[in-house]
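If you want the building blocks of each chain, they are given just below.
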Amino acid sequence: MNLASIPSPSTGVIELGPIPLRGYAFCIIIGVFVAVWFGNKRWIARGGKAGTVADIAVWAVPFGLVGGRLYHVITDYQLYFSEGENWVDAFKIWEGGLGIWGAIAFGAVGAWIGCRRRGIPLPAWADALAPGIAFAQAIGRWGNWFNQELYGKPTDLPWAVEISEGANRVAGTYHPTFLYESLWCIGVALLVIWADRRFTLGHGRAFALYVAAYCAGRAWIEYMRVDEAHHILGLRLNVWTAIIVFVLAVVYIVVSAKLRPGREEIVEPDRDTTPGKNADARDADAKDAEQDADAKKDPLSKDEPGEPGKGLTADSTEAAAEKG
């Protein structure tokens, strides 16, 4: 008998008139805002402009949601396309079911489009956003608590989560794997922040560290889960995915450090790189900048009123002497 446990909400939906407010959706939305807010602070600290992270997130977030849902539906297709199941449920993202692997992969595609439009290097943007993504995952995992899903094996530990009787679940107390992953993600975020300050990570290595650290935790947490999943050689599919992605992230860190050591000095250009801007206007701006630079190098090239002779060059002074 458990002396203590974590109760689950009786429902994951609050009906506000005709509008259902879902706890799962709230966790995802709050996580996105935290990621953008914290990423913006890190981007500015690296020399970027305020608002750039949000502008690119407009591309990254929708792509990430689509990718996360696609990964979930493809890897758990039996939940939607088996006999007796309704395939329309595959579109009901508000009921839960987002695969982080697909979300990151597709989100990166959206971010690449946004960065390309702004003339920004994607690795630098990803480095700034990495800890924020981990914090967002930590918040988003509580959506599983609202839905009473993705828990682990039965346990009588004081921090076990209470699960009520329902579709495809048996009442009891189980390992709160959503809580384990949430805490792990907070640790990953703090690790990336510390390592980034300590080793001045750049060129995507902070993001790769986030990926590697997350995968290390996801592998053992995934192993504890009891929800239905496909297995390969005795291991859950997501465990294999975590192992493979972990190896790729570590290889990237090692190779990138050798090929491109240090950190980007400029992460966002000052000039306007908005697509469609007149090229002649940009050339004129560059020419004016060059002329200003030349003027600063040769301060005697111009006369200043009220100070006779200050603007005379060496040649003109000699000519005046001969003439006198």
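Predicted model, so just to flag it, every value in this text is computed and none were measured. (Residues numbered from 1 in each chain as written. Predicted model: local features only at pLDDT ≥ 70, side-chain atom pairs only at ≥ 80, totals over all residues. Heavy atoms only, no water.)

### Looking at the overall build of the protein chain
And step 1. Along the protein chain, the regular secondary structure elements total 11 helices and 6 strands.
And step 2. Within the protein chain, buried positions represent 37% of all 324 residues.
And step 3. Partitioning the intrachain contacts of the protein chain with sequence separation of at least 6 by distance along the chain shows that 70% fall at a separation of at least 24. (Helix = DSSP H or I, 4+ residues; strand = E, 2+ residues; numbered from the N terminus. Buried < 20%, exposed > 50% of the residue type's maximum accessible area, 1.4 Å probe, protein only. Contact = heavy atoms within 4.5 Å.)

### Overview of the pattern of salt bridges
Pairs may arise between side chains of opposite charge once their charged atoms sit close together.
And step 1. All told, the structure shown has 13 salt bridges when counted by the stated rule.
And step 2. Between Arg141 and Glu181 there is a salt bridge, and its shortest N-O distance comes to 3.1 Å. Residue Arg141 is found in the loop between helix 5 (122-140) and helix 6 (142-147), and its partner Glu181 is found in helix 7 (residues 177-199); the two are separated by 40 residues along the sequence. The exposure classification of Arg141 matches that of Glu181, with both residues buried.
And step 3. In the salt-bridge network here, residues are joined through shared partners; they are Arg141, Glu181, Arg218, Glu222, Arg225, Asp227 and Arg236. (Salt bridge = Lys/Arg side-chain N within 4 Å of Asp/Glu carboxyl O.)

### Structural notes on the confidence of the model for the protein chain
Caution is warranted with low-pLDDT regions, since their predicted coordinates should not be read in detail.
And step 1. When pLDDT is averaged across the protein chain, the result is 83; 81% of the residues are at 70 or more.
And step 2. pLDDT under 50 marks residues 271-282. Its contacts with residues more than four places away, or in other chains, come to 10 contacts.
And step 3. Within the model, pLDDT remains below 50 along residues 319-324, and this stretch shows 0 contacts once partners closer than five positions in the same chain are excluded. (pLDDT = per-residue confidence, 0-100.)

### Considering a nonpolar patch on the surface
And step 1. Nonpolar side chains collect at one region of the surface, where Ile243, Phe246, Val247, Val250, Val251, Val254, Val255 and Leu259 lie side by side and expose about 640 Å² of accessible area between them.
And step 2. Structurally, Val255 is set in helix 9 (residues 237-259). (Patch = residues over 30% accessible without salt bridge, like charges linked within 9 Å, V, L, I, M, F, W, Y side chains within 5 Å. Areas by Shrake-Rupley, 256 points an atom, 1.4 Å probe, with all protein chains shown as cover.)

### Some words on the packing of helix 2 (residues 52-75) against helix 4 (residues 100-118)
And step 1. Taken N-terminus to C-terminus, the directions of helix 2 and helix 4 make an angle of 150 degrees; their axes are 6 Å apart at the nearest point. The angle between helix 2 and helix 4 falls in the class roughly antiparallel. For the pair helix 2 and helix 4, the sense of crossing is right-handed. (Axes fitted to C-alpha atoms, helices over the stretch in contact; angles between N-to-C directions. Parallel < 35°, antiparallel > 145°, perpendicular 65-115°, else oblique. Left-handed = near helix turned anticlockwise from the far one by under 90°.)

### Observations concerning the nonpolar core
A general feature of soluble globular proteins is that nonpolar side chains tend to end up buried together.
And step 1. Counting 40 residues, the largest nonpolar core has Trp43, Trp101, Trp125, Val192 and Tyr210 as its most contacted members.
And step 2. Mapped by element, the contributors of at least two residues to this core are helix 1 (23-45), helix 2, helix 4, helix 5, helix 7, helix 8 (205-224) and helix 9.
And step 3. Residues Ile6, Tyr151, Tyr174 and Leu179 belong to the second largest nonpolar core, which totals 7 residues. (Core = buried A, V, L, I, M, F, W, Y, C linked by side-chain atoms within 4.5 Å.)

### Regarding the side chain of Arg46
And step 1. Inspection of the secondary structure assignment puts Arg46 in the loop between helix 1 and helix 2.
And step 2. Arg46 gets classed as buried once you look at its relative accessible area, which sits at 12%.
And step 3. Every residue in contact with Arg46, bar those within four places of it in the chain, is listed here: Ala124, Asp127, Ala128, Leu201, Arg263, Glu264 and Val267.

### Focus: unusual backbone geometry
Among all residues save glycine, negative phi is the norm, and among peptide bonds the norm is trans.
And step 1. Phi at Thr200 is positive, roughly 50 degrees, even though this residue is not glycine.
And step 2. With respect to the helices and strands, the residue Thr200 is situated in the loop between helix 7 and helix 8.
And step 3. What makes Thr200 partly exposed here is its relative accessible area of 39%.

### A word on the environment of Val13
And step 1. In this structure, Val13 sits in strand 1 (residues 13-16).
And step 2. Sequence spacing of Val13 and Tyr24 is 11 residues, and the spatial spacing of their C-alpha atoms is 8.6 Å.
And step 3. Once you skip the residues sitting within four places of it in the chain, Val13 turns out to touch Pro20, Leu21 and Arg22.

### Considering helix 5
And step 1. Along its length, helix 5 shows its largest kink, about 45 degrees, at Leu129, and proline Pro131 lies within four residues downstream of that point.
And step 2. Here helix 5 lies mainly inside the structure; 16 of its 19 residues are buried. (Bend = angle between axes of the 7 residues up to and from the residue.)

### Quick look at the packing of aromatic side chains
And step 1. Throughout the structure, instances matching the rule amount to 12 aromatic pairs.
And step 2. With 5.1 Å between their ring centres and 75 degrees between their planes, Trp142 and Phe178 make a pair best called edge-to-face. Within this pair, whereas Trp142 is found in helix 6, its partner Phe178 is found in helix 7, the two being separated by 36 residues in sequence.
And step 3. Trp142 gets classed as partly exposed once you look at its relative accessible area, which sits at 28%.
And step 4. For the pair Tyr151 and Tyr174, a centre-to-centre distance of 4.6 Å together with 40 degrees between the ring planes defines the contact as tilted. One end of the pair, Tyr151, is in the loop between helix 6 and strand 3 (161-163); the other, Tyr174, is in strand 4 (residues 172-174), with 23 residues separating them in the sequence.
And step 5. Looking at Tyr151, the relative accessible area reads 10%, which means it is buried.
And step 6. Given a relative accessible area of 9%, Tyr174 falls into the buried group.
And step 7. Counting every residue linked through ring pairs, the aromatic cluster contains Trp142, Trp145, Phe146 and Phe178. (Phe/Tyr/Trp six-rings, centres within 6.5 Å; stacked < 30°, edge-to-face > 60°.)

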